[in-house]
Structures are given as C-alpha cells and as structure tokens.
Amino acid sequence: MATPENKLAFDAGWQYSPAPESTDHIKVRKRYGLFIGGDFVAPEKGKYFDTVNPATEEKLSRVALASDADVDKAVKAARKAYGPWVRMKPAERGKYIYRIARIMQERSREFAAIESLDGGKPIRESRDVDVPLAAAHFFYYAGWADKLEYAFPGRKARPLGVAGQIIPWNFPLLMAAWKIAPALACGNTVVLKPAETTPLTAMKLAEVVADAGIPDGVVNIVTGAGETGAAIVNHPGVDKIAFTGSTEVGRIIQQALAGTNKKYTLELGGKAANIIFADAAIDQAVEGIINGIFFNQGHVCCAGSRLFVQESVAEEVIQKLKDRMETLIVGDPLDKNTDIGAINSRQQLDTIESYLAIGQGEGGEMYQSSCPVPDKGYWCRPTLFTGVSQSNRVVQEEIFGPVLAIQTFRTFDEALTKANNTPYGLSGGVWTDKGAKIFKMTQSVRAGVVWANTFNKFDPTSPFGGYKESGMGREGGLHGLDAYLRLEA
Ligand code: NAI
Ligand code: MG
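From a predicted model like this one, the values you see are computed outputs, not experimental measurements.

A. Geometry of the coordination of the magnesium ion (ligand 2). The coordination sphere of the magnesium ion (ligand 2) contains the protein donors T51 (OG1), V52 (O), D118 (O), D118 (OD) and T197 (O), at a distance range of 2.2 to 2.7 Å. Positions of the donor residues of the magnesium ion (ligand 2), expressed as sequence spacing, correspond to T-V-x65-D-x78-T. In this pair, T51 sits in strand 4 (residues 48-53) while T197 sits in the loop between strand 8 (189-193) and helix 7 (200-211), placing the two residues 146 residues apart along the sequence. For T51, a relative accessible area of 1% corresponds to the buried category.

Below you can see the structure in the form of structure tokens.
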C-alpha cells in the first residue's frame, strides 16, 4: 500500500467534501431522458445509447440520443426562459446559482462516485478536485451576478441570449460548471451537451438544477455525440458557442460559425512544456512532473506532456522519475489508494497505444512502470520516452494519456526555443530556485497559463485559455464574464 507521500501531490485548495466510503448511496437511473424546459423528456426519435464504466466495460446506464428536433426543442425552451431570466433582479439570479453550489456540495459524495464510475478517474481526484472545484466555480460566479457593473466600470454589460455549450469527457462535471456558472451569472440561458462517454454527472447536475428551483428552461442538458453537438453549433437560435475539446473539432466549429453573429470561445488541445532547471528543488520538481503528466491519466489539456530538463541534472531527474513511477498504483478508480484510473474509452486507449508504437518507431526509448493492471477495462501504465527530438510526433502531438516525452537542454534560451516550438499554447511549467528566471520564463513562454514551482493548480478566480491552436477566449475569473456579455459604451 502506498504511503500518503506517495500520492500524486495534488491540492486544489477546495476540499469541502467528505470521503466516499462506499458506493451504496449512488443512484444511477437505468435510463435518462433529455433535460429540457425543467423536465426529463424522452428523445423525439426514441433513441438511446449506453454509457459504460471504463474500468469494467460494464454498462452503467442508457442515455437519450438527441436529434436535431430535440436540440431545437431545447433551444426554444432556453429562448422562452431568457426574457424572464434576464429581467429578474441580478441578486435573485445569484441566489439560484448559490443554491446549485450548495446542493452540489451536499451531494458531493454521490457526484464524486458517479464521476469516477462513468469516466474512470481516481476517486481521490473526483472527490478532492473535480467536485469541490465545480462547486467553487458556482459559488464564485454567483457572487458576480449582481456586481457586473463593477466588473466593467463605465460600460453597460448585456447578456448574449442562448448559449450553446459543448464539453469533453476529461473533467465532465467541472467543465459543465465552467460553462454554466458564468453564463447564468451574466443572465444567459443555456443548452449544454456533455461528452458521449461521460454524461452521468451532467444528468445529476440536471437534477440539482431542478431541485434548486431554477426557472424551467434556463438550463437545458441534451445528450448525444458529435452530431448533437453540431446541431447546437448550427442552430440559428443560439447566440454563443462555448466549446472544450479537440483542436480538430474546434476547427470545424470555427468554420461553421464564420460569417454568423455567434460569439464563441474555444478551449482546445495542448502540449505543455514543463521546464526543470538544475537549480530547482529536484524532489519537488519530480512530484510536479508526476502530477503534471499522470493526473487524471494524462487526459488533461494542460498536462505537462513535454519535459525539458537541464542536462546537468537530467540523469538524476529521470532516475527519480522512474523510481516514483514504480510506486504509482494503476487500477480501480473507486479505490482511495489508486493513483491512475482507467483510460476513459476504448477509442482513447487505441489512440494512446498507437502513439506508443509511433514513439518507438521514431526511435524513442520507451519506459513503462511494471505495476499490474486489471484484466478487464482500459488501462495504460505510466510511460515515458527518452531519446526523442523536436520533430517526433510524440513530442509534437497531443496524446491525452499518461505518456511523457523527455528532452534535455543546456541554456535558458534553448529551453525557451524548444518550449515554444509547438502549434499549441495552453500551459507550461518552470522549476527553478531563481525568481528572475521564473519571471523571464513565464513572460516568454507563449502559453495562457504558466505555473512556477507547481503544476495543475486551478482556481475559479484565475483565467484559463490558450494561444495558437489551443484556442481563443478565456474562462474563469473576470475574463470569464466577458465571454458571456456584450459590452456597450
Ligand atoms: P472531441 O473534440 O470529438 O469531443 C469533445 C466534445 O465535442 C464532445 O462532447 C463531442 O461529442 C463533441 N463533438 C464532436 N464532434 C463535434 C462536432 N462536429 N460539432 C460539435 N461538437 C462535436 O474529442 P474526442 O474525439 O473525444 O477526443 C479526441 C482527442 O481530442 C483526444 O485524444 C484529445 O487529444 C483531444 N481532446 C482534448 C480535450 C481538451 O480538453 N483539450 C478534451 C477532449 C479531447
Ligand atoms: Mg462512461
């Protein structure tokens, strides 16, 4: 059994929720309809799809497959709700959002367990990171609802109308919170679509929305895959699109929206550089590297998937990394000792495995920890590549799995040039004892978020988003309000 020090060092700073000792309290329905106009309704065409537990490959539930007609119904419900919602006193709107946050806290154990069951992430992460941060996001934006005039002094802030929101499977509940909370605080109504492999916490959130007494139609949640997402993007009654997912789909959405009046934000892929200078606190840096790439199985857009380590300490760092990887436990997401849970889907595991083959084919030396993995389910041992170069695909492309590509550098400028040699620009990390180096590096790395002597820290007050192919617009903090408002002089 791992000691507490052996856990992935992750502290989101928002730890409200007690530990889920058992899963008896989990209530997952056999089948979910679409949440439209305040009710769960059957899909027009009567079609449903399975969502499975990636750790067992067992079916958890059946979820409605929303057609164009269903999306149309959801958008109309959101439009109908918009007038009364926008005319409501802002402080009243805020109260509803606070209520969502509080009910989410009360049900945090259930949310955490369902998140881990449906998506494969370790219960320690869903319990201590995903669910508390999701509640924190609602709390934070609830506070802004009646203070928008102070957020944008001297300007009139008006909501956009109906926001269409499409989210991925890596942080299902947290991404729903990132989307819904600021939209509502600014006076918009929403149609949200969770990812097809992880719809269940969104369905639970729909129950919370109903229990919070939010007026019918202010929040609508429709389930389905890419076609359902496209129906939201292309619906003429939608005023804003917020998308988080692959760069590929982000491009499709951008093209679809060109020439329309829809405002949009895109949160896309990443290939973050984590830069370790020789003067860094090496043991801390090793923990930061481990957390940076293995947190949430590496299904993290801001994962530190490219490691740059200064040559004089490279051997030491790589050896310590390998030793630390040996202590990581891969397995049952519901076990509190698990460090690395299940890969989210068969499809994602195939993608990751194809990159393992590509990396070796390119001449990289692959190292994997030797821990056992269960027979059933989708698993990938923590993996690193050495002997790779800038042009290799495992260095350039987002793998979205527990796979780290390691390169070395001699000088500051070399590290910076290599770090910026990527089509992405979402996040980065720098580890050094020297404050001046931190400032110089964080200002020169072209990325939306750069952490210093830490990694993967999130807070609702701080904006998050990318440059280049990592997307456009910011979520979180004051900047996150701007994405849901039209500012007038
Ligand atoms: P994806 O981009 O296809 O899925 C994200 C969301 O978009 C899902 O809700 C999906 O149903 C929806 N969607 C798919 N096609 C759409 C379309 N044409 N119009 C509107 N919505 C659409 O991502 P996928 O296929 O699940 O993962 C593939 C790769 O994408 C991963 O290996 C990873 O590299 C990257 N990815 C990055 C994420 C991030 O947070 N940056 C999140 C998820 C995936
Ligand atoms: Mg699932």
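Still more to cover.
B. Region of the structure containing the confidence of the model for the protein. Counting all residues, the mean pLDDT for the protein is 94, and 95% of those residues have values of 70 or more. Note that pLDDT drops below 50 for residues 1-21; the model gives that stretch 61 contacts with residues more than four away or on any other chain.

C. Spatial organisation of the nonpolar core. In this structure, I100, F138, L184, L321 and L481 are the most contacted members of the largest nonpolar core, which totals 111 residues. Contacts of L481, omitting those with residues within four sequence positions, involve Y141, W144, L148, A151, F152 and C186. Membership of the second largest hydrophobic core comes to 24 residues, among which are A77, I166, V233 and L266.

D. Spatial organisation of the site of ligand 1. Looking at ligand 1, there are 25 residues lining it, with I167, W169, E196, S246 and E398 nearest. Within the side chain of K193, a nitrogen or oxygen atom sits 2.8 Å from an oxygen atom of ligand 1. Within the backbone of G245, one N or O atom sits 3.4 Å away from a nitrogen atom of ligand 1. When ligand 1 sits alone it has 810 Å² of accessible area, and the protein chains cover 85% of it. Within the shell around ligand 1, the residues separate by chemical class into 14 nonpolar, eight polar and three charged.

E. Focus on the environment of A177. Note that A177 resides in helix 6 (residues 172-185). Taking the C-alpha atoms as reference points, A177 and G250, 73 residues apart in sequence, are found 20 Å from one another.

F. View of the sheet that holds strand 5 (residues 58-64). Here we have three strands laid out as an open sheet, ordered 1-5-4, and mixed in their pairing. Sheet topology places strand 1 (31-32) and strand 4 at the edges, where each strand pairs with a single neighbour. Strand direction decides the pairing type here: strand 1 and strand 5, joined by two bridges, are parallel. The residue bridging R31 from the neighbouring strand is R62, located in strand 5. Contacting strand 4 and strand 5, helix 3 (residues 108-119) runs over the sheet at an angle of about 100° to strand 4.

Thresholds applied
- Once a new chain begins, its residue numbering starts again from 1 and follows that chain's sequence as written.
- Starting at A for chains and at 1 for ligands, labels are handed out in the order in which the entities are written.
- Note on the predicted model: pLDDT of at least 70 is required for a residue's local features to be given, and 80 or more for side-chain atom pairs to be given and counted; whole-chain, interface and lining totals, by contrast, use all residues.
- Side-chain metrics in this entry use all non-hydrogen atoms of the structure; hydrogen atoms and water are not considered.
- Any nitrogen, oxygen or sulfur atom within 2.8 Å of a metal ion counts as a donor, with the limit raised to 3.2 Å for Na, K and Ca, and since water is left out, coordination shells can look unfinished.
- In this description a helix means any DSSP run of H or I spanning at least four residues, a strand means any run of E spanning at least two, and both kinds are numbered starting from the N terminus.
- Exposed residues in this analysis have more than 50% of their type's maximum accessible area, buried residues have under 20%, and partly exposed residues fall in between, with area computed by a 1.4 Å probe over protein chains only.
- Known as pLDDT, the predictor's per-residue confidence is scaled from 0 to 100.
- Any two residues having at least one pair of non-hydrogen atoms within 4.5 Å are treated as being in contact.
- Among the buried residues, those of types Ala, Val, Leu, Ile, Met, Phe, Trp, Tyr and Cys that are joined through side-chain atoms within 4.5 Å form a nonpolar core.
- For this purpose, a residue is taken to be near a molecule or strand whenever a single non-hydrogen atom of the residue falls within 4 Å of it.
- Any N or O atom pair separated by 3.5 Å or less is treated as a polar contact, with the protein-specific requirement of one donor-capable and one acceptor-capable atom, and with residues adjacent in sequence counted only for side-chain atom pairs.
- Values of accessible area rely on a 1.4 Å probe in the Shrake-Rupley scheme; residue burial ignores everything except the protein chains shown.
- The classification used treats Ala, Val, Leu, Ile, Met, Phe, Trp, Tyr, Cys and Pro as nonpolar, Asp, Glu, Lys and Arg as charged, and all other residues, Gly among them, as polar.
- At least two bridges found by DSSP between two strands are what make those strands a pair.
- Fitted lines through C-alpha atoms give the axes, limited to the stretch in contact for helices. The angle between two N-to-C directions lies from 0 to 180 degrees.

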